Protein chains: 2
Amino acid sequence: MSISISHLGPTGTYAEAAALAYANWLSLEKGQKCFLCPYPSIAQTLQATADGQAHLAVVPVENSLEGSVSMTLDTLWRLDTLQIQQALVLPICHAMLSSADNLEAIRTVYSHPQALAQCQGWLDKFMPSVQQVSMNSTTEALKYLEEDGTAGAIASGRAAEIYNLPILACPINDFSSNYTRFWVLSLQPSPGGSHTSLAFSAPANLPGALVKPLQLFAKRNINLSRIESRPTKRSLGEYLFFIDIEADATQPFVKAALDELITYSETLKIFGSYSVLPIE
Amino acid sequence: MSISISHLGPTGTYAEAAALAYANWLSLEKGQKCFLCPYPSIAQTLQATADGQAHLAVVPVENSLEGSVSMTLDTLWRLDTLQIQQALVLPICHAMLSSADNLEAIRTVYSHPQALAQCQGWLDKFMPSVQQVSMNSTTEALKYLEEDGTAGAIASGRAAEIYNLPILACPINDFSSNYTRFWVLSLQPSPGGSHTSLAFSAPANLPGALVKPLQLFAKRNINLSRIESRPTKRSLGEYLFFIDIEADATQPFVKAALDELITYSETLKIFGSYSVLPIE
């Protein structure tokens with residue numbers, strides 16, 4: 001049986017590159033064949049897998065320059081059915097694509113807001129007067145570039161190949177060390193592994209509300225690799241906390257920590273334990 | 001002497017409404033006259049005040065639905081000279097502005113990414129097939145709406161009045177409780193007040209790195225009203241933490257806490273102590 005993988009499209013996005021990398025790994029390691037299903041937003045990518053329209057979803061979680069992808073965190077909290085199967089870390093190298101002869105001829109630059117933000121210093125320096133227009137993905141605007149000689153787009157070198165578009169400058173990210181972490185999710189239970197991700201809402205105001213959850217991990221020598229707050233959307237000053245720990249939730253001392261965490265949480269959601277797949 | 005206030009423009013933005021509210025308060029309470037200076041981005045708004053081109057900057061910090069405004073936090077950390085004079089909380093009520101006859105005639109909706117995100121559920125329900133285009137502000141696209149009958153924009157009722165544009169639907173935010181917190185900043189020392197904001201970078205990996213800073217506030221009964229992580233931009237998994245505490249940094253026990261925090265921080269930046277101005 002072929003496995004369907006939903007991701008943010010259209011073709012040429014970094015999310016597609018991550019989905020392809022995971023599909024290659026599944027093919028090599030497990031002999032499984034995959035096909036990709038692009039969706040127009042991260043929310044729809046996750047919803048499709050939650051609804052059973054795809055077996056797996058591959059979505060970006062955080063970038064080393066721009067931080068968390070709020071849409072992914074908020075949608076996962078809302079859906080409450082998807083479990084993490086695997087994490088992948090992909091290097092990100094942005095290029096300026098355009099059919100213009102040079103940078104000076106470009107009036108408008110299109111890209112995903114994360115990509116625009118990751119290249120903000122370069123844009124301010126080399127294209128200070130262009131209009132920057134945010135799109136749902138890095139590749140959504142590429143189809144217009146052939147007709148419009150005053151348009152540019154920030155996307156990957158791979159997207160330039162796929163759409164047969166010239167690269168005017170590369171790399172253009174402000175910091176050369178640019179990585180994005182992706183999660184592979186499905187309705188299946190997570191397989192276990194070195195990392196566990198969870199989120200909880202704490203009672204309003206934080207004097208001890210956050211100290212106690214962090215202490216219960218610290219006293220068991222469980223390392224936190226990430227903490228991120230998101231608004232509950234109920235009232236200004238009320239938050240959810242998304243936490244990644246470097247431990248497997250199936251181990252008894254980790255399970256004990258999570259049981260204790262329930263007593264300090266209004267709502268606790270565990271997104272699963274999984275390993276991290278390195279990608280060259 | 002008139003006081004100049006920089007804010008995200010063009011005219012009609014929520015940031016301008018916050019700047020006007022603060023200017024009114026300055027006029028009523030202190031008899032000071034103000035004039036507003038719109039800038040095309042939050043980074044440029046803050047830079048203008050850091051460079052002495054404006055006396056004060058008014059910028060959004062966080063919204064009750066969409067969370068922190070990364071551009072504000074990242075720019076404040078980078079500039080390291082501006083101090084918070086005051087916080088303001090403004091209710092946010094979004095409207096769909098268009099010269100189209102009805103919602104069905106609209107093909108493209110323009111707005112700031114935060115405003116698009118705050119109305120995502122409404123857009124999915126009532127305008128599922130429109131293209132959503134992110135702009136630098138809620139009002140940047142309004143000038144095109146008069147000519148283009150297939151364009152809509154998410155902005156405030158006040159923007160509809162200023163640009164003389166019809167409102168097709170209001171309110172359209174997904175949750176009725178929608179507030180944005182703004183900070184007023186300048187090169188002057190902060191005046192002191194009920195809240196103190198700071199940020200610090202901790203050594204990589206967080207077992208105790210975050211527990212100890214939180215404990216030192218908890219043991220002094222200093223309430224944390226907010227914690228937010230941002231990437232250091234050096235390497236995936238390295239973070240800055242932005243913290244708001246409900247205490248005045250000039251009080252000795254708060255000063256002692258901050259002195260202790262220095263020992264756990266790689267870099268500690270204190271953005272000042274200030275009060276919160278309620279706005280009806």
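Residues numbered from 1 in each chain as written. Chains lettered and ligands numbered in written order. Predicted model: local features only at pLDDT ≥ 70, side-chain atom pairs only at ≥ 80, totals over all residues.

Colleague: Any chance you could break down the overall build of chain A for me, citing the residues and the numbers?
Modeller: The helix and strand tally for chain A stands at nine helices and 15 strands. Against the globule reference of 19 Å for 280 residues, chain A gives a C-alpha radius of gyration of 20 Å, in line with a compact fold. Within the span of chain A, comprising 280 residues, buried residues form 50% of the whole. Considering only residue pairs separated by 6 or more positions, chain A has 75% of its internal contacts joining residues 24 or more positions apart. (Helix = DSSP H or I, 4+ residues; strand = E, 2+ residues; numbered from the N terminus. Rg over C-alpha atoms; globule rule 2.2 N^0.38 Å. Buried ≥ 20, exposed ≤ 12 C-beta atoms within 10 Å, placed from the backbone. Contact = placed C-beta atoms within 7 Å.)

Colleague: An account of the packing of helix α2 (residues 42-50) of chain A against helix α3 (residues 70-79) of chain A is needed here, citing residue identities and associated values.
Modeller: All names here are of chain A. As a packed pair, α2 and α3 sit with axes 9 Å apart at the nearest point and diverge in direction by 30°. In this view, α2 runs roughly parallel relative to α3, as classed from their interaxial angle. Crossing handedness for the pair α2 and α3: right-handed. On α3, the residues that touch I42, A43, L46 and A50 of α2 are M71, T72, T75, L76 and L79. Along the lines of polarity and charge, the residues of the contact of α2 with α3 split into seven nonpolar, two polar and no charged. (Axes fitted to C-alpha atoms, helices over the stretch in contact; angles between N-to-C directions. Parallel < 35°, antiparallel > 145°, perpendicular 65-115°, else oblique. Left-handed = near helix turned anticlockwise from the far one by under 90°. Nonpolar A, V, L, I, M, F, W, Y, C, P; charged D, E, K, R; others polar.)

Colleague: Would you mind going over the pairing of strand β12 (residues 195-201) of chain A in detail, with residue names and values included?
Modeller: The side chains of a regular strand alternate, first on one face of the sheet and then on the other. All names here are of chain A. With six of seven residues buried, β12 lies mostly within the body of the structure. Of the strand pairs in this sheet, β12 and strand β14 (residues 239-245) are connected by six bridges, and their pairing is antiparallel. Bridging from a neighbouring strand, S197 pairs with D244 of β14. (Pairing = 2+ DSSP bridges.)

Colleague: Which residues make up the relation of the copies chain A and chain B, and what values go with them?
Modeller: In the superposition of chain A on chain B (RMSD 0.0 Å, axial shift 0.0 Å), the rotation amounts to 180°. As the rotation angle and translation indicate, the two copies are arranged about a two-fold axis. Across chain A, the rotation axis passes nearest the C-alpha of A:S134, at a separation of 2.4 Å. (Least-squares fit on C-alpha atoms with pLDDT ≥ 70 in both.)

Colleague: So, the domain arrangement of chain A: which residues are in play, and what are the values?
Modeller: Residue and element names in this part refer to chain A. Annotation of chain A at the domain level lists domain 1 (3-90 + 179-186), domain 2 (94-169) and domain 3 (195-273). Look at where the C-alpha atoms of domain 1 and domain 2 centre, and you get two points 24 Å apart. Taken together, the contacts link 13 residues of domain 1 with 15 residues of domain 2. Here the side of domain 1 that touches domain 2 is composed, by residue class, of six nonpolar, six polar and one charged. (Domains from an automatic or database assignment.)

Colleague: Would you mind going over the interface of chain A and chain B in detail, with residue names and values included?
Modeller: Contacts between the two partners involve 36 residues from chain A and, on the opposite side, 37 residues from chain B. Breaking the side of chain A that touches chain B down by element, the ones donating at least two residues are β8 (131-134), β11 (179-186), α8 (211-218) and β13 (224-231) of chain A. Among the elements that take part in the side of chain A that touches chain B, β13(A) stands out by supplying eight residues, more than any other. Among the residues making up the side of chain A that touches chain B, the classes are represented as 16 nonpolar, 14 polar and six charged.

Colleague: Residues and numbers for the nonpolar core, please.
Modeller: Grouped together as the largest cluster of nonpolar side chains are 107 residues, with contacts concentrated most on A:V58 and B:V58. Among all residues touching B:V58, those that are not within four sequence positions of it are B:I5, B:H7, B:A15, B:A18, B:A19, B:Y22, B:F182 and B:V184. (Core = buried A, V, L, I, M, F, W, Y, C linked by C-beta atoms within 7 Å.)

Colleague: Describe the pairing of β13(A), naming the residues involved and giving the relevant values.
Modeller: Residues and elements named next belong to chain A. Among the eight residues that make up β13, seven are buried, leaving the element largely enclosed by the rest of the structure. Across seven bridges, β13 lies against β14 in antiparallel orientation. The partner of E228 across the bridge, within β14, is F242.

Colleague: Which residues make up the environment of A:P231, and what values do they have?
Modeller: Residue and element names in this part refer to chain A. Relative to the helices and strands, P231 resides in strand β13. Here P231 falls in the buried class, since 22 other C-beta atoms lie within 10 Å of it. Remark: the alpha-carbon pair of P231 and N136, spanning 95 residues in sequence, is separated by 22 Å.

Colleague: An account of α8(A) is requested, with residue identities and associated values reported.
Modeller: Among all positions in α8(A), only A:V211, A:P213, A:L214, A:F217 and A:A218 are buried. Buried positions in α8(A), seen along its axis, are confined to an arc of 170° and lie on one side of it. Turning to α8(A), the residues buried within the fold contact β13, β14 and α9 (252-264) of chain A together with α8 (211-218) of chain B. (Arc of directions from axis to C-beta.)

Colleague: Explain the confidence of the model for chain A to me, using residue names and the numbers behind them.
Modeller: Put simply, chain A has an average pLDDT of 91, and 98% of its residues get 70 or more. Reported confidence for the predicted complex is 0.78 by ipTM and 0.85 by pTM. (pLDDT = per-residue confidence, 0-100.)

Colleague: Mind laying out the packing of α8(A) against α9(A), listing which residues take part and the relevant values?
Modeller: All names here are of chain A. Running from N to C, α8 and α9 point in directions that differ by 170°, and their axes come no closer than 10 Å. Classified by the interaxial angle, the pair formed by α8 and α9 is roughly antiparallel. Contacts between α8 and α9 pair K212, P213, L216 and F217 from the former with A257, E260, L261 and Y264 from the latter. For the contact of α8 with α9, a count of residues per class yields six nonpolar, no polar and two charged.

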